[in-house]
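Fold and geometry: a report
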Amino acid sequence: MTRMAATRDGYGQALLDLADNEKVVVLEADLGKSTKSLHFRKAHPHRTISCGIGEQNMLLVGAGLAASGYIPFASTFAIFTERAFEQMRNGVARPNLAVHLCGSHGGTHTGTDGSSAQSIEDLAVFRTLPNVVVMHPCDDVSTRALTMQLPQLGKPSYMRTARNKTPVLYDGRENEIKIGKGIVLREGHDVAIISCGVLVSESLKAAEALAEEGINATVVDMHTLKPIDGELIDRLVSQCGALVTAEDHNVIGGLGSAVAEHIVANSFAPLEMVGVPDRFGESGQADEMLEVMGISAPYIAKAAKQAISRK
Amino acid sequence: MSKTIEELEEIARKCRVEIVKMVHRAQAGHPGGSLSEIDLLAALYATRMRVRPSDPNWSDRDRFILSKGHASPGMYAILAEMGFISHEDLKSYRVLGGVCQGHVDMKWCPGVDFSAGSLGMGLSFGMGCASAARLDKSDRRAFVMIGDGEMQEGSVWEAAMAAAHHELGNLKVILDRNRIQNDDFCEEQMRMFDIPAKWKAFGWNVKEIDGHNMNEIMEGLDFLEAPENSNGPSILIAHTIKGGGISYMENNPSFHGAAPNDEQFHQAMIELGEVEA
């Protein structure tokens, strides 16, 4: 039986693991219970700064701490990080201060809270900021491993985590996970499915379904959207000749766009982009939302066939 | 760090000359807010800031955050006076590759602790610096200068609330209350009502002074360094004149962000005692 866990739990665990580094501080905006920074707060209250429900202030308090030698980890819902976008832009990214921002509850998979809480544009907006590394891991193990690497990054980052549980893929494989390096989860030569976050496990399901029809798909967990692993994409293009991207994010501006930007300038192949079709969500269960948005495994499999037909 | 009132006034006068020269040379920039803040900056830097111009990144320095970052000529002038940058550097104001960027920028100019340009951000950044000082168990302070128009940004009040909640007694704000913002007088753009009462209600130590009277400025800085409630953040509300020191710029909204022409420049140099009439 596959272990199920939420990526936000991996984030919370990583903060606790990082606490030995006395420069690590945690910033909250009244959602520590949700983003899972609460564990750090409980263990290290003097290194946890509550900013109340004030995301704009939180980002810049982080900038001031980073400029003074600290390593701040700030978190809130993905959607509310966007409220502080300009603070992230002008106060954090522009002076290249290593504030690490985590947006939990990303994507329509967030579910019944409805459209106001389902960020579908966070990866796109933060990807446009120079200096900022953008990540969206797929399980708690990789979330923990990536978060643990952030103190050495030396630049700001944005990481999207998810509210709901997804299959754990990396138990015992922590050492394979590196910022900026996509992970090949399955090898095939007909098509490559590049995905991130909650759609990685959906992509694996799609690959299984395709295999039953004699189509062999490579599946990649592209947990880092920026910098994108262009070397891996080039290899996938020459190995498979057709690509699919899959993300629980607006089809505009996210992983699909990052891959498209790379291949149009490098090694071209047909690309089908599975993502939220430029619309807002609604209240529904996580799995229902993937169906409504047309981004679950059957849709990924369909897109794979379409990509192959365009070779 | 001891200076007479006359010495401070002379520093401020020299800075005013540089401000007008910078903006005239660039034919762009923000003279009004630079001139309103400069007496405060001169006194702060010349008598209070624990900094090392030869080692601008000294980690235990006091921080100064010019949140109203468009008033950069004032800051560049005092940084040059203090020796962080050279007077030659002032010629790089708004010039490609120059240390004196249009808005103060910590990545470009020695002695600048905050990359400004977007209003409503500096107080939060200062809170971060003050929080870091406390975590370090250091007695360094974070001074932040904000403008009055800037207080229309909601994030200023997020920071005001949070800094008092966290009892950041090492956070010290100077409000350059010059009554004019980009488009017009502040009272026309957004009425301010009782500014001291607002800050008091947020849990701050508050004092008001005439921001062009050097004796009052020194008293005001004494207050900032040792406020009544040492566990609370403090704000010095300095009543100033936008464009203060140059007759035709004073209380004139059109000199918020406009450069003097050659004739006006000459007039300013006369008024500042640089050339004879």
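Residues numbered from 1 in each chain as written. Chains lettered and ligands numbered in written order. Predicted model: local features only at pLDDT ≥ 70, side-chain atom pairs only at ≥ 80, totals over all residues. Heavy atoms only, no water.

Details of the overall build of chain B
When helices and strands are tallied, chain B shows nine helices and five strands. Counting from the amino terminus, helix and strand elements in chain B follow one another as α-α-β-α-α-β-α-β-α-α-β-α-β-α. For 277 residues, the compact-globule estimate of 2.2 N^0.38 gives 19 Å, and the C-alpha radius of gyration of chain B, at 17 Å, lies within 12% of that figure. C-alpha extents for chain B along the principal axes are approximately 50 × 45 × 35 Å. In chain B, which comprises 277 residues, the share counted as buried stands at 58%. Put simply, of all contacts in chain B between residues at least 6 apart along the chain, 74% involve residues at least 24 apart. On chain B, roughly 10,700 Å² of surface is accessible, and the fraction owed to carbon and sulfur atoms is 46%. In chain B, which carries 27 positive and 41 negative side-chain charges, the distance between the mean positions of the two groups comes to 5 Å. (Helix = DSSP H or I, 4+ residues; strand = E, 2+ residues; numbered from the N terminus. Rg over C-alpha atoms; globule rule 2.2 N^0.38 Å. Buried < 20%, exposed > 50% of the residue type's maximum accessible area, 1.4 Å probe, protein only. Contact = heavy atoms within 4.5 Å. Areas by Shrake-Rupley, 256 points an atom, 1.4 Å probe, with all protein chains shown as cover. Lys, Arg positive; Asp, Glu negative; His and termini not counted. Charge placed at Lys NZ, Arg CZ, Asp CG, Glu CD.)

Structural notes on the nonpolar core
The biggest cluster of nonpolar side chains holds 135 residues, and the ones touching the most others in it are A:Ile194, A:Leu243, B:Phe64, B:Tyr76, B:Leu171, B:Trp199 and B:Trp204. Two domains each donate at least three residues to this core, and these are domain 1 (4–167) and domain 2 (183–309) of chain A. By size, the runner-up hydrophobic cluster in this structure holds 28 residues, among which are A:Leu204, A:Val244, A:Ala246 and A:Ala301. (Core = buried A, V, L, I, M, F, W, Y, C linked by side-chain atoms within 4.5 Å. Domains from an automatic or database assignment.)

Examining the interface of chain A and chain B
Each partner contributes residues to the interface: chain A has 26 residues there, and chain B has 23 residues. Overall, the association of chain A and chain B removes approximately 1,900 Å² of surface from exposure, summing both partners, and the carbon and sulfur fraction of that is 60%. Counting the surface chain A buries against chain B, the share from its top three residues, A:Asn57, A:Leu60 and A:Arg94, is 26%. Our enumeration of links across chain A and chain B arrives at two salt bridges. A:Lys23 is the partner of B:Asp136 in a salt bridge, and the nearest nitrogen-oxygen pair spans 3.6 Å. On inspection of chain A and its partner chain B, the count reaches 10 residue pairs in polar contact (both at pLDDT 80 or more). In terms of residue count, helix H4 (residues 55–67) of chain A provides more of the side of chain A that touches chain B than any other element does, nine residues in total. (Buried area = accessible area lost by both parts, 1.4 Å probe. Salt bridge = Lys/Arg side-chain N within 4 Å of Asp/Glu carboxyl O. Polar contact = N/O pair within 3.5 Å; in protein donor to acceptor, adjacent residues only side chain to side chain.)

Brief notes about the packing of helix H1 (residues 5–26) of chain B against helix H3 (residues 72–82) of chain B
Working note: a packed helix pair is described by the angle between its axes plus the distance between those axes. Residues and elements named next belong to chain B. With their axes 8 Å apart at the nearest point, H1 and H3 run at an angle of 125 degrees to one another. Between H1 and H3, the angle is such that the two are oblique. Considering the relative orientation of H1 and H3, their crossing is right-handed. Contacts from Ile11, Lys14, Cys15, Glu18, Ile19, Met22 and Val23 of H1 reach H3 at Pro73, Gly74, Tyr76, Ala77, Ile78 and Glu81. A per-class count over the contact of H1 with H3 returns nine nonpolar, one polar and three charged. (Axes fitted to C-alpha atoms, helices over the stretch in contact; angles between N-to-C directions. Parallel < 35°, antiparallel > 145°, perpendicular 65-115°, else oblique. Left-handed = near helix turned anticlockwise from the far one by under 90°. Nonpolar A, V, L, I, M, F, W, Y, C, P; charged D, E, K, R; others polar.)

Here we look at the pairing of strand S4 (residues 71–77) of chain A
Residues and elements named next belong to chain A. Within S4, seven of the seven residues are buried, which leaves it mostly tucked inside the rest of the structure. Note that strand S2 (residues 24–28) and S4 share five bridges and pair parallel. Following the sheet pairing, Val24 is matched in S4 by Ile71. Judged from the five bridges that link them, S4 and strand S5 (residues 100–104) form a sheet pairing that is parallel. In the strand pairing of S5, Phe73 is matched with His100. (Pairing = 2+ DSSP bridges.)

What to know about helix H9 (residues 199–212) of chain A
Residue and element names in this part refer to chain A. When the terminal C-alpha atoms of H9 are compared, their 20 Å separation across 14 residues agrees well with the 20 Å that a helix rising 1.5 Å per residue should span. All of the buried residues along H9 are Leu199, Val200, Ser201, Glu202, Ser203, Leu204, Ala206, Ala207 and Leu210. Immediately downstream of H9, the backbone of Gly214 shows phi near 85 degrees, a positive value. (Expected span 1.5 Å × (residues − 1).)

Quick word on the pattern of salt bridges
All names here are of chain B. Applying the stated criterion across every chain, the model contains 32 salt bridges over all chains. The residue Glu81 makes a salt bridge to Lys14 at a minimum N-O spacing of 3.2 Å. One end of the pair, Glu81, is in helix H3; the other, Lys14, is in helix H1, and 67 residues separate them in sequence. According to the relative accessible area criterion, Glu81 is partly exposed, its value standing at 24%. Each member of the salt-bridge network shares a partner with another, and the members are Arg48, Asp62, Arg141, Asp222 and Glu225.

Topic: the packing of aromatic side chains
Applying the stated rule across the entire model yields 11 aromatic pairs over all chains. A centroid spacing of 6.0 Å and a plane angle of 50 degrees characterise the contact between A:Phe85 and A:Phe126, whose relative ring orientation is tilted. Residue A:Phe85 is found in helix H6 (residues 85–93), and its partner A:Phe126 is found in helix H7 (residues 122–127); the two are separated by 41 residues along the sequence. Overall, A:Phe85 belongs to the partly exposed group, its relative accessible area being 26%. Residue A:Phe126 is classed as buried on the basis of its relative accessible area of 0%. Among the aromatic residues, those joined into a cluster by ring pairs are B:Trp157, B:Trp199, B:Phe202 and B:Trp204. The ring of A:Tyr70 has A:Lys23 lying over it, and the distance from NZ or CZ to the ring centre is 4.4 Å. Above the ring of B:Trp58, the side-chain terminus of B:Arg52 is found at 3.7 Å from the ring centroid. (Phe/Tyr/Trp six-rings, centres within 6.5 Å; stacked < 30°, edge-to-face > 60°. Lys NZ or Arg CZ within 6 Å of the ring centre and 35° of its normal.)

So, the domain arrangement of chain A
Residues and elements named next belong to chain A. Split into domains, chain A comes out as domain 1 (4–167) and domain 2 (183–309). Taking only C-alpha atoms into account, the centre of domain 1 sits 25 Å from that of domain 2. Across the boundary between the two partners, domain 1 contributes 32 residues, which contact 33 residues of domain 2. With both sides pooled, the region where domain 1 packs onto domain 2 buries about 2,400 Å², and carbon together with sulfur makes up 59% of that total. On the domain 1 side of the interface with domain 2, the three residues burying the most area are Thr108, Ile120 and Arg127, jointly 30% of the side's total. Put simply, domain 1 and domain 2 have one salt bridge between them. Residue Glu261 pairs with Arg127 through a salt bridge whose shortest N-O separation is 2.8 Å. Counting only elements with at least two residues in the side of domain 1 that touches domain 2, the list comes to H7, strand S6 (133–135) and strand S8 (166–167). Looking at the side of domain 1 that touches domain 2 residue by residue, the classes come out as 14 nonpolar, 13 polar and five charged.

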